[in-house]
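One letter stands for each residue in the lines below.
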Amino acid sequence: MSELDERGRPGELDQPGTPDSPGAWDARSEEWLTDGDRTALMADAEDAGEARPTDRPAPEATQRTTPATPPRTAPAATTPRGAQTAPTPRRTAADPVKALMHRHRELCERAVDPLEIAAGLEAHGVTDRTATRFRHRDVFSLAEEMYARASRDGDSTAPTAPPQAPRTRADWALLTLLPGALCAATLTGIHVTHGRPRLLTAAIGTLAVALALRAALNRGPLSTTHPTHPRTRALTCWLITYALLGDGLLRQAVTGGPDTLPTGTMDAAWPAAGAPALALALSLAPAAWTAHLLTTRARRKLTASRGLEDFAAAVHPLLLGAFALYLAALAALMALTAVALDEPAPYAQTMTLGALLYLSRLLTTHGFTHAPALVLTVTVTTEATALATTFASRLPGCAFLGTPVTTLADTWGPGAVPALACGIAAATLLLHATRRLTRASAHATTDLQW
């Protein structure tokens, strides 16, 4: 037996070490081997046709010295330490693209082209800088590899040509002209009738224009497959109604009225501005055409671009150009309707309201519904507050409530209130649109049925 040290542990004679005699390698001696040495020894043994060091038979001299000692057999449950420690396989680097595909598995499965995958990655926050971590120069090349690998795994063939933008169809083109035509017919009927027939004509015409407007917004470039905000329609109706009757009501409220109900004409005590309403109804057609132009050009840029930054830089002037074309068409229609109806042309409030409604619908058709609803709510609240404070100023001791609105109306006219409210709202949505509608994910929809 070996000697024990003062703490009861084996002495140096029993410590594992490299055998210095021709004896066999036991478990204690093999502990001196590192993983690399053990792997090398096993490889050398296999190349030479020999057994492992732990299975190497003892030399003949050693066997003669211990003839009576039977060979020790290890229990079935216990194996030598060297046999338990197998060579650790070297881990290969994980495939980053495969991990990304697993994370976005649903996107890869339902994608019909690489552009849809690129748009989906961008919507999840993947940028060109992020794509470099996956060994790609941009998101588009990363999406192409993901689409190719997903198609290979799913046994689906890639499309031979990039998806084409939707073409112009006669149905939605004619539907965009219908609200303006019905609005013109309604205003004409209001001007040529009197009394109860005028009221009946106004009610029927308003209902017809509303139904035509709904049909036009359900087809074509201004249609959307995304659920709109529940308040959007009600807020839009308020803004159009205010453009028709709001300025006249505010003017009467400042001067102590109104004393009578509106008759639908400008020569009444409560005047109704028909020119802005008609111009907005007629502007639905150029709004749809400019939206169609933006969609087709943006999809072409999406096919040709090789980076998100390049695509954003190319779409930014397209968005501003479409917006400018719509404003120019609205200004021309405002001038024509004012001459046709023999009314003054309120360019400020009509242009700002048209810009607000156009940008709101443009964002909604591309899936961004929260910001338009929020901005429209603030605008409607501002106009309603202006009217409410003006009427509340008639109460005893509350004259100060109407001072801001009265001062603004006396300085620039009652149209300054909607012009400022809609102008600030339109500028806010324009800034938001330049950030959202210049993204690839906003133009990657491939199931547009126009």
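Residues numbered from 1 in each chain as written. Predicted model: local features only at pLDDT ≥ 70, side-chain atom pairs only at ≥ 80, totals over all residues. Heavy atoms only, no water.

(A) Quick peek at the overall build of the protein. Assigned secondary structure in the protein consists of 20 helices and zero strands. Taking the intrachain contacts of the protein between residues at least 6 apart in sequence as the baseline, contacts between residues at least 24 apart amount to 74%. For the protein, the accessible area works out to roughly 26000 Å², and carbon and sulfur atoms hold 60% of it. (Helix = DSSP H or I, 4+ residues; strand = E, 2+ residues; numbered from the N terminus. Contact = heavy atoms within 4.5 Å. Areas by Shrake-Rupley, 256 points an atom, 1.4 Å probe, with all protein chains shown as cover.)

(B) Local environment of the nonpolar core. Core analysis: the biggest nonpolar cluster contains 44 residues, and Leu-222, Leu-239, Leu-353, Leu-356, Tyr-358, Leu-362 and Leu-437 have the highest contact counts within it. In terms of residue count, helix H17 (residues 347-365) provides more of this core than any other element does, nine residues in total. When neighbours within four sequence positions are excluded, Leu-356 is seen to be in contact with Leu-239, Val-375, Leu-376, Thr-379, Cys-422, Ala-425, Ala-426 and Leu-429. Listed in part, the 24 residues of the second largest apolar core include Ile-117, Ala-118, Tyr-147 and Ala-150. (Core = buried A, V, L, I, M, F, W, Y, C linked by side-chain atoms within 4.5 Å. Buried < 20%, exposed > 50% of the residue type's maximum accessible area, 1.4 Å probe, protein only.)

(C) Molecular detail of the confidence of the model for the protein. Here the protein shows a mean pLDDT of 76. Residues at 70 or above account for 71%. Ignoring residues within four places in sequence, the model shows residues 88-93, a span with pLDDT below 50, making zero contacts including any to other chains. For residues 153-163, every residue scores under 50 in pLDDT, and the model assigns this stretch ten contacts once sequence neighbours within four places are set aside. (pLDDT = per-residue confidence, 0-100.)

(D) Examining the layout of surface pockets more closely. Roughly 1500 Å³ of internal volume is contained in the largest pocket. Around the largest pocket sit 47 residues that line it, and Val-209, Ala-210, Leu-213, Cys-237 and Ile-240 are the ones nearest its centre. Within the residue set of the lining of the largest pocket, elements represented by two or more residues are helix H11 (178-192), helix H12 (196-217), helix H13 (232-254), helix H14 (274-282), helix H15 (284-304) and H17. In terms of residue count, H12 provides more of the lining of the largest pocket than any other element does, ten residues in total. Of the residues belonging to the lining of the largest pocket, the class tally is 27 nonpolar, 16 polar and four charged. (1 Å grid on protein atoms, 1.4 Å probe; cavity = no way out; pocket = protein on both sides within 12 Å on 5 of 7 lines; lining within 4 Å. Points joined across faces, edges and corners; volume = space filled by probe spheres on them. Nonpolar A, V, L, I, M, F, W, Y, C, P; charged D, E, K, R; others polar.)

(E) Looking closely at the environment of Leu-308. Mapped onto the fold, Leu-308 is located in helix H16 (residues 308-341). When its relative accessible area of 10% is taken as the criterion, Leu-308 is described as buried. For Leu-308 and Ala-119, which are 189 residues apart along the polypeptide, the C-alpha to C-alpha distance reads 9.3 Å. Not counting residues up to four positions away in its chain, the partners in contact with Leu-308 are Glu-122, Val-126, Thr-127, Asp-128, Val-139, Phe-140 and Ala-440.

(F) Layout of the environment of Thr-389. Within the fold, Thr-389 resides in helix H18 (residues 370-392). When the C-alpha positions of Thr-389 and Phe-400 are compared, they lie 9.1 Å apart, and in sequence the two are eleven residues distant. Those residues in contact with Thr-389 that sit more than four places away from it in its chain are Leu-401, Gly-402 and Val-405.

(G) The arrangement of the packing of H16 against helix H20 (residues 416-436) in detail. The geometry of H16 relative to H20 is characterised by a closest axis approach of 9 Å and an angle of 145 degrees between their N-to-C directions. Like other packed secondary-structure pairs, H16 and H20 cross with a definite hand, here right-handed. The segment H16 lies against H20, with His-316, Leu-319, Leu-320 and Phe-323 engaging Leu-430, Ala-433 and Thr-434. Here the contact of H16 with H20 is composed, by residue class, of five nonpolar, two polar and no charged. (Axes fitted to C-alpha atoms, helices over the stretch in contact; angles between N-to-C directions. Left-handed = near helix turned anticlockwise from the far one by under 90°.)

(H) Focus on the packing of aromatic side chains. This model, assessed by the stated rule, comprises three aromatic pairs. Relative to Tyr-358, the ring of Tyr-326 has its centre 4.4 Å away and its plane inclined at 10 degrees; by these criteria the two rings are stacked. Within this pair, whereas Tyr-326 is found in helix H16, its partner Tyr-358 is found in helix H17, the two being separated by 32 residues in sequence. Judged by its relative accessible area of 4%, Tyr-326 is buried. An aromatic cluster of three or more residues is present, and its members are Phe-323, Tyr-326 and Tyr-358. (Phe/Tyr/Trp six-rings, centres within 6.5 Å; stacked < 30°, edge-to-face > 60°.)

(I) Seen up close, the packing of H11 against H14. Two elements in contact, H11 and H14, have axes whose closest approach is 7 Å; the angle formed by their N-to-C orientations is 160 degrees. Between H11 and H14, the crossing angle belongs to the class labelled roughly antiparallel. Of the two possible hands of crossing, H11 and H14 adopt the one that is left-handed. Where H11 abuts H14, its residues Pro-179, Gly-180, Ala-181, Cys-183, Ala-184 and Leu-187 lie against Gly-274, Ala-277, Leu-278, Ala-281 and Leu-282. Among the residues forming the contact of H11 with H14, the class breakdown is nine nonpolar, two polar and no charged. (Parallel < 35°, antiparallel > 145°, perpendicular 65-115°, else oblique.)

(J) A look at H13. Leu-245 marks the point of greatest bend in H13, at about 55 degrees. Looking at H13, one finds that the buried residues are Thr-232, Leu-235, Leu-239, Tyr-242, Ala-243, Gly-246, Asp-247, Gly-248, Leu-249, Leu-250, Gln-252 and Ala-253. In this structure, the buried side of H13 is in contact with H14, H17, H18, helix H19 (403-412) and H20. (Bend = angle between axes of the 7 residues up to and from the residue.)

(K) How the structure looks around the side chain of Glu-383. The residue Glu-383 is located in helix H18 in this model. The side chain of Glu-383 sits in the buried core without any salt bridge; Arg-231 is the nearest counter-charge, 14 Å away. If sequence neighbours within four positions are ignored, Glu-383 has contacts with Trp-238, Leu-239, Tyr-242, Pro-418, Ala-421 and Cys-422. (Lys, Arg positive; Asp, Glu negative; His and termini not counted. Salt bridge = Lys/Arg side-chain N within 4 Å of Asp/Glu carboxyl O.)

(L) Expanded view of unusual backbone geometry. Even without being glycine, Asp-342 reaches a positive phi, approximately 55 degrees. Tracing the sequence through the fold places Asp-342 in the loop between H16 and H17. A relative accessible area of 70% means that Asp-342 is categorised as exposed.

(M) Representation of H14. A large share of H14 lies buried, amounting to eight of its nine residues. Looking only at H14, the buried set comprises Gly-274, Ala-275, Pro-276, Ala-277, Leu-278, Ala-279, Leu-280 and Ala-281. Those residues of H14 that are buried lie in contact with H11, H13, H15, H16 and H17.

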